[in-house]
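Spelled out from the first residue to the last, the chains are:
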Amino acid sequence: VQFFCSKCSFFLICSLFSLTSLTLPKLTTSPNLGSGGWSPLDTDRYPWLQVDLGSKKQVLAIATQGCYSSSDWTTKYRLLYSDTQKNWRPYLQDGNFWTFEGNVNSEGVVRHELQYAILARYIRFIPVDWSREGRIGVRLELYGCSYWADVISFDGHGVISYRFRSKKLKIVKDVISLKFRTTAGNGVLLHGEGQQGDYISLELHRARLLLSINLGSNQNGSIQGHTAVTSGSLLDDDHWHSVVIERYRRNVNFTLDHHTQQFRTNGEFDHLDLDYEISFGGLPVSVKPTSGGKENFVGCMEGITYNGENITSLVRRKKVDTTSFRNLTFSCAESNTSPVFFNSTSFLRLPGQTDSDTLSVSLSFRTWNPNGLLMFTALADGWVELGLTEGKITVYMNVTQKKNTRIDISSSSGLNDGQWHSVHLNALENYAMLTVDGDEASTVRTAIPIQIQTGGTYYFGGYFLQTNTRSHQRSFQGCMQMIHIDDHLVDLKAVEQGLIGTFENVSLDMCAIIDRCVPNHCEHNGHCSQTWDAFTCNCSGTGYTGATCHTSLYQQSCEEYKHQGKSSASYWIDPDGSGSINPFRVHCDMTEDVVWTSLRNDLSPQTSVSSADKGNAVLILVSVSCVQMLSVTSSAEYCEQYVAYACRMSRLLNSPDGVPFTWWLGRANEKHSYWGGSGPGIQKCACGIEHNCTDPKHYCNCDADLKEDSGLLVYKDHLPVSQVVVGDTSRAGSEAKLTVGPLRCRGDSNFWNAASFTSPASYLHYPSLRDETSTDVSFYFKTSSTHGVFLEILGSTSFLHIELRAGSVVLFSFGIGTEKMELSVRSPVPLNDDQWHRVEAEKNIKEAVLQLNGQHRMVRPTTLQGHAKPELYSDLSVGASSGQRGFLGCMRALKINGVTFDLEERAKGTPGVNPGCQGHCNSYRMHCRNGGKCVEQYNGYSCDCSLTAYDGPFCTDDVGGYFETGTLVRYDLLPEGGPFALKDVKSLSGVGVSSEANLTQEELVFSFSTYSAPSILVYISSRTQDYLAVVVRHNGTLQIRYSLGGLTEPYTIDVDHRNMANGQPHFVNITRNLREIRLQLDHYPVSTYMLPEASDTQFTLVKSIFLGKVFETGQIDPILIERYNTPGFMGCLSRVQFNSVAPLKAALRSNIAAPVSTHGILVPSNCGASPLTISPMASAKDPWHIEGAGAVFNLNEDKFSGDGVDRNSAVIGGIISVVIFSVLCIMVFVIRHMFRHKGSYHTNEAKGADSADSADAAIIVNDPAFTETIDESKKEWFI
């Protein structure tokens, strides 16, 4: 409803800016007018200023100013309004008594536009706080315009019947509006129905508004059109309430007092079919017998309109039927009741008869609190207390004459429901009676031991005098009316005037009860309960948590569960988090590198389809809705569903041009006539696509009446399969069996949707972000920067801000106007470590929450005025747009209120922001080599080579060392402390050996070059006699020795066909699994050997790794010591790795803490780096050609081959590499020629190719994977 217009901003009272005098309207107090404003007397305990506007007006704004040239002003105030000077209503905003900010001096003017229009004749100005330098003072002005509407009074008998011009109406659009005022909790406001079962009804039920609509149901009951929606509460408060119903087809806007509910009616029909008439105020006589005796409305209505017709105007002009009215009046009678409002510090003291033998008290009350004192009175001997205890009426009578005899009476329950309830306590002679809600049948009677004698003073709502008989009952918070003492109604007007009784902090003629559960701030069907001051949400069974059930308990996808380290299992997922899609259960398969999400159905495999099913659909039911299913498929990279049709004389699809015998329905109930292994628009099966059907004349096996057709449906926009209609099972002998597997999807694009911010001034802008009462923000980030703004949401008067500070603190702040809240969480470890971290922030009507990495959390209650009514739209900036330093790093999976923001798409074309996270190892085909671990960074990626035998940015640089004669390296896998100590070793160096150090499989990899023979290359010892050794024999050939027990002699593998001590680099890979040993030597094919059956398969208590020489205690194979250990290895070793242990790298890198020791001279070496001669082997056949060409990145061929641009880039890159290589070769030749002529360089370059034993050796000599070895004693390298 639009209230603010240029035609409704007139001065409603005197000029605000009068400096010498202020002509005031009629006042009900006696203010001290002075010479420039209103200032109450100091003796007035509860001052207020009342303005009479002369008639009902529409008030839209208020402006205030302090008293002229004084120290008197009002800093905070509240407003009340009324039509009748009775039953005052407080101005509410965001569901609370609104406190306006006033003045800070006497001359400044502060104006407030009201959030909604006040329709009233009387306005009360209530000072709450004022100048510390003076007193309360104000000059004020109200702005608005006149208001007039036809009013009709309904007495419970009269009904307005508006008859249509035609007997029947078929309506697609409705607009109905009215205002009502009543003290009754039940009654029909409007009703219309048709003979076909359509109807619309609006009624009060227990002081709540119930709208019922039915646009049609069918006779067999498969379509049920009934829709019922409730709104509001406490509508029997004798105040005006506005209702607007707007319907277009099945879409309905239901507005009550500025709060709109939007919903869609049930069923499938769009028109409302009404017969003859629609009635207001009750049911027409014609429908009463079938409508269950609903009550007619009692109260007043105004402004009734129906689809453009002003019904109230038609009534005044006697154009509609009003014959049912006994006395039709166009005015609204004043209520005779005067409510009293109590807060926690209120009480009302009233007199009664003294020394009477009869006690009679009755009243009506309404409250939300389960406990509270209603009435207390002292007797001549004892006392009586009437109160609420856990929602029940209780009476305690304490009779001191009988030694503190206590008599308890209780009746009814659940009376703290906000409704009006009456209670009557009567005690006379020797018994007491308690009646609740006028139900005489349930009156509780009890005997009392003596005849009572009244004390004459009654306290209502609380008792705060310091006496010995003070009640321990909690103070009452709520409203009371119709208070009777000794069967006489108390005159509250006389109480207000000070003629009888006294009161403290009581508001007379007002019931300011607030239903904090309407509208319901508990989201996702959370149950709301309340006390007077607050509401709470019970989120049990909703799948959500938090103060308002806003935050999902579950992760958004299987991908996120794997990210948290979970294993394959069934999980609940919630793809849109706090959004409207409910969580649902899926199966997550995490056994592969990719994560699969499976949604299973109820169809058993090989379900038989008999002739009875001819032409009928086989339903495939799943436990999730279409919307839930779509949330999985829409973000998945790929989806598939297996289907199979096993047949005998049951055809499947017919010919590609014919009418299919069988088809299936997918998403949105679309019909499809292709089968697994085929695609949309191709009426074939997999065998028809692959041209391997049993009968080549058909495109499906089953179309030839035999075998089976099966395959995967992979067009995800058509999935899942919801029905399969089988049409050819009626022939004699026909048989078909149907299988529909689960829907399987992989990938979650939302979870990995990322952007990289490479400039602190860059940001992504998203305009027109819709604000909500609850706002949640979540995202992942990584950075190396210590500070920066993650995001800002900026409105004209509100903001939300999240930033990183000091490298370890995340700050979450938000505010409205001048008020601000701030939360911060400090991480115990730095956040600028280039690792992923998660931020979750939420603000709602009750609290604000900030959580970091799922564990560090801060919660604060929200106290800002206005936070429950956010601005309609705000702007979102990811990064800083307000001149601050923006976030520098990578952000992904940004989600606000359940909506994932497409950072990658928005980053395209945005300066300083790049799509994706360049360091994301799975997306950008950049892989670390040789087992290196890819570590993501916002501006690239890095490789963790700590568990490899390599170094360098991509784990491709050999780590090698030159061993002088007698040098050895020892790495202890099993320290002297025993097996238990291995965990410490593992924590230092990442040892990939089990804690028992008993191996049934191992892998040993290394490269070497030497002229020394014989020698020990690698020796792995144990605490038993088990060992593994690789040695170079006297003739330069290689020998592998395995001793695992069970044999009298070690098992040996001799490589006799070539001399390995030729100074050239050689590569060795030895892999064992139980008895099988696989040997890869240089580029030769893998050779397989088997340990004898008598040999053990367990390498027991592996102890140490020796390189170059053995220096070990205990039993050692004497042959090794005698033949190979002296004088020791001299040459170069590199790439040494045993499982995940790199002993040589640990010895050469001082920054690696490891149980390694070195004896002798070990010099770091690249094991040869002189230029290579051109290999005689063609590069296409060279297994090392990729490294030799200088390729660093291991591109993902599956992704790469699908992109023609990438293939072209590879070709161009290869040509460029060849050109560069040729230029380098020419330069090397020229430089070497110059150095030789000058005599300035001396080298002992190995003539490997010339001295090679065979053609194979010559190949390895020139293999780019193996660099030549030079004489390390020269300590020179050619560069």
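Residues numbered from 1 in each chain as written. Predicted model: local features only at pLDDT ≥ 70, side-chain atom pairs only at ≥ 80, totals over all residues. Heavy atoms only, no water.

Under an unreviewed UniProt entry, the name given to the chain is Contactin associated protein 2b, and the source organism is Oreochromis niloticus. As stated in UniProt under Sequence similarities (unreviewed entry), the record for the chain gives "Belongs to the neurexin family." (UniProt positions renumbered as here; feature names shortened; annotations may be inferred.)

Participant: Before we go on, may I ask you to explain the overall build of the chain in this structure?
Facilitator: The secondary structure content of the chain amounts to 14 helices and 82 strands. With 1279 residues in all, the chain has 51% of them scored as buried. The contacts in the chain between residues at least 6 apart in sequence include a share of 69% that link residues at least 24 apart. (Helix = DSSP H or I, 4+ residues; strand = E, 2+ residues; numbered from the N terminus. Buried < 20%, exposed > 50% of the residue type's maximum accessible area, 1.4 Å probe, protein only. Contact = heavy atoms within 4.5 Å.)

Participant: I'm lost on the sheet that holds strand β71 (residues 1001–1010) in this one. Help?
Facilitator: Whether parallel or antiparallel, the strands of a sheet pair through hydrogen bonds between backbone atoms. What the seven strands build is an open sheet, ordered β78-β77-β76-β71-β80-β69-β82; its pairing is antiparallel. One side of each edge strand has no neighbouring strand; the edge strands of this open sheet are β78 (1087–1090) and β82 (1162–1165). Across the sheet, the mean angle from the axis of one strand to that of its neighbour is 25 degrees, orientation sign disregarded. By the bridge criterion, six bridges tie β71 to strand β80 (residues 1131–1138) in an arrangement that is antiparallel. If you follow Leu 1004 over to β80, its bridge partner there is Phe 1138. (Pairing = 2+ DSSP bridges. Axes fitted to C-alpha atoms, helices over the stretch in contact; angles between N-to-C directions.)

Participant: Can you help me understand the packing of aromatic side chains in this one?
Facilitator: Two measures describe an aromatic ring pair: the distance that separates the ring centres and the angle between the ring planes. The full count for this structure, using the stated rule, is 37 aromatic pairs. Look at Phe 751 and Trp 752: their rings are 5.1 Å apart centre to centre, the planes differ by 80 degrees, and that puts the pair in the edge-to-face class. An identical accessibility class is assigned to Phe 751 and Trp 752; each is buried. Grouping aromatic residues by their ring pairs yields a cluster made of Trp 38, Tyr 77, Tyr 91, Phe 100, Tyr 116 and Phe 125. Just above the ring of Tyr 143 sits the side chain of Arg 111; from NZ or CZ to the centre is 4.1 Å. (Phe/Tyr/Trp six-rings, centres within 6.5 Å; stacked < 30°, edge-to-face > 60°. Lys NZ or Arg CZ within 6 Å of the ring centre and 35° of its normal.)

Participant: Please explain the state of the cysteines as it appears in this structure.
Facilitator: In a disulfide, the sulfur atoms of two cysteines are held together by a covalent bond. One pass over the structure, following the stated rule, counts 13 disulfides. Two residues, Cys 647 and Cys 702, share a disulfide whose sulfurs are 2.0 Å apart. Disulfide Cys 647-Cys 702: the torsion about the S-S bond is -100 degrees, which places it as left-handed. You can see Cys 647 sitting in strand β45 (residues 638–648) and its partner Cys 702 sitting in the loop between α5 (686–690) and β48 (708–713), a full 55 residues away along the chain. (Disulfide = S-S within 2.5 Å.)

Participant: It is not clear to me how the sheet that holds strand β11 (residues 160–171) should be interpreted in this structure. Could you clarify?
Facilitator: In space, the six strands of this open sheet follow the order β11-β20-β13-β14-β15-β16, with antiparallel pairing throughout. Unpaired on one side and paired on the other, β11 and β16 (226–231) mark the two borders of the sheet. The sheet shows a mean angle of 15 degrees between the axes of neighbouring strands, taken without regard to direction. Sheet topology note: the strand β13 (residues 187–193)/strand β20 (residues 272–280) ladder contains two bridges and is antiparallel. Bridge assignment links Leu 190 to a residue of β20, and that residue is Phe 280.

Participant: Would you explain the pairing of strand β51 (residues 754–757) in this entry?
Facilitator: Burial along β51 is two-sided: Ala 754 and Ser 756 facing one way and Ala 755 and Phe 757 facing the other are all buried. In this structure, β51 lies alongside strand β62 (residues 889–896), joined through four bridges in antiparallel fashion. Within β62, the position partnered with Phe 757 by the bridge is Gly 889. Looking at chain direction, β51 and strand β64 (residues 913–915) are connected through three bridges and run antiparallel. When the sheet's bridge partners are listed, Phe 757 is paired in β64 with Val 913.

Participant: Any chance you could explain the side chain of Asn 844 here in plain terms?
Facilitator: With respect to the helices, strands and loops of the structure, Asn 844 is situated in the loop between β58 (837–843) and β59 (847–852). Given a relative accessible area of 1%, Asn 844 falls into the buried group. A polar atom in the side chain of Asn 844 sits 2.9 Å from the side chain of Glu 842. At 2.8 Å, the side chain of Asn 844 and the backbone nitrogen of Lys 846 are in polar contact. (Polar contact = N/O pair within 3.5 Å; in protein donor to acceptor, adjacent residues only side chain to side chain.)

Participant: So what exactly am I meant to see when it comes to the pairing of strand β69 (residues 960–963) here?
Facilitator: Working note: regular strand, side chains alternate between the two faces of the sheet. Burial along β69 is two-sided: Gly 960 and Tyr 962 and Gly 961 and Phe 963, pointing in opposite directions, are all buried. In this structure, β69 lies alongside β80, joined through four bridges in antiparallel fashion. Bridge assignment links Phe 963 to a residue of β80, and that residue is Gly 1131. The pairing of β69 with β82 spans four bridges and is classified as antiparallel. Within β82, the residue paired with Phe 963 across the bridge is Leu 1162.

Participant: Help me understand helix α4 (residues 626–633), please; the structure alone is not making it clear to me.
Facilitator: One turn of an α-helix holds 3.6 residues; hence residues three or four places apart share an orientation. Taken together, the buried positions of α4 are occupied by Gln 628, Met 629, Ser 631, Val 632 and Thr 633. Close packing links the buried residues of α4 with β40 (569–573), β41 (584–589), β42 (596–599), β45 and β50 (735–746).

Participant: Explain the nonpolar core to me, please; I cannot follow it from the model alone.
Facilitator: Where a protein is soluble and globular, its nonpolar side chains tend to be buried together. Among the nonpolar cores identified, the biggest contains 44 residues, and Phe 1006 and Leu 1038 are the most heavily contacted of them. Counting residues in each nonpolar core, the second largest holds 40 residues, with Phe 584, Met 590, Ala 636 and Trp 675 among its members. (Core = buried A, V, L, I, M, F, W, Y, C linked by side-chain atoms within 4.5 Å.)

Participant: Is there a simple way to think about the environment of Asp 270 in this case?
Facilitator: Assignment of secondary structure puts Asp 270 in the loop between β19 (259–264) and β20. For Asp 270, a relative accessible area of 25% corresponds to the partly exposed category. Of note is the side chain of Asp 270, whose polar atom sits 3.4 Å from the side chain of Arg 249.

Participant: What exactly am I supposed to notice about the pattern of salt bridges here?
Facilitator: Under the criterion given, the structure shown has 37 salt bridges. Of the charged contacts in the structure, one is a salt bridge between Lys 56 and Asp 83, with a shortest N-O distance of 3.8 Å. Remark: Asp 83 occurs in the loop between β3 (74–82) and β4 (89–90) and Lys 56 occurs in strand β2 (residues 49–65); sequence separation between them is 27 residues. For Lys 56, a relative accessible area of 18% corresponds to the buried category. Across the salt bridge formed by Glu 113 and Arg 111, the nearest N and O atoms sit 2.8 Å from each other. The class for Glu 113 is partly exposed, based on a relative accessible area of 45%. (Salt bridge = Lys/Arg side-chain N within 4 Å of Asp/Glu carboxyl O.)

Participant: Before we go on, may I ask you to explain unusual backbone geometry in this structure?
Facilitator: Both trends apply: most residues other than glycine have a negative phi, and most peptide bonds are in trans. Going from Ala 1013 to Pro 1014, the amide bond is cis rather than trans, its omega being 0 degrees. Along the chain, the position of Pro 1014 falls in the loop between β71 and β72 (1015–1022). Backbone torsion omega between Thr 1126 and Pro 1127 reads 0 degrees, so that peptide bond is classified as cis. Following the sequence through the fold, Pro 1127 ends up in the loop between α8 (1118–1123) and β80. At Asn 930, a position not held by glycine, the phi torsion is positive, near 55 degrees. Along the chain, Asn 930 turns up in the loop between β64 and β65 (933–937). The class for Asn 930 is partly exposed, based on a relative accessible area of 32%. Positioned with a positive phi, Arg 1135 is a non-glycine residue whose angle comes to about 55 degrees. Mapped onto the fold, Arg 1135 is located in strand β80. Classification of Arg 1135 by relative accessible area gives buried; the value is 7%.

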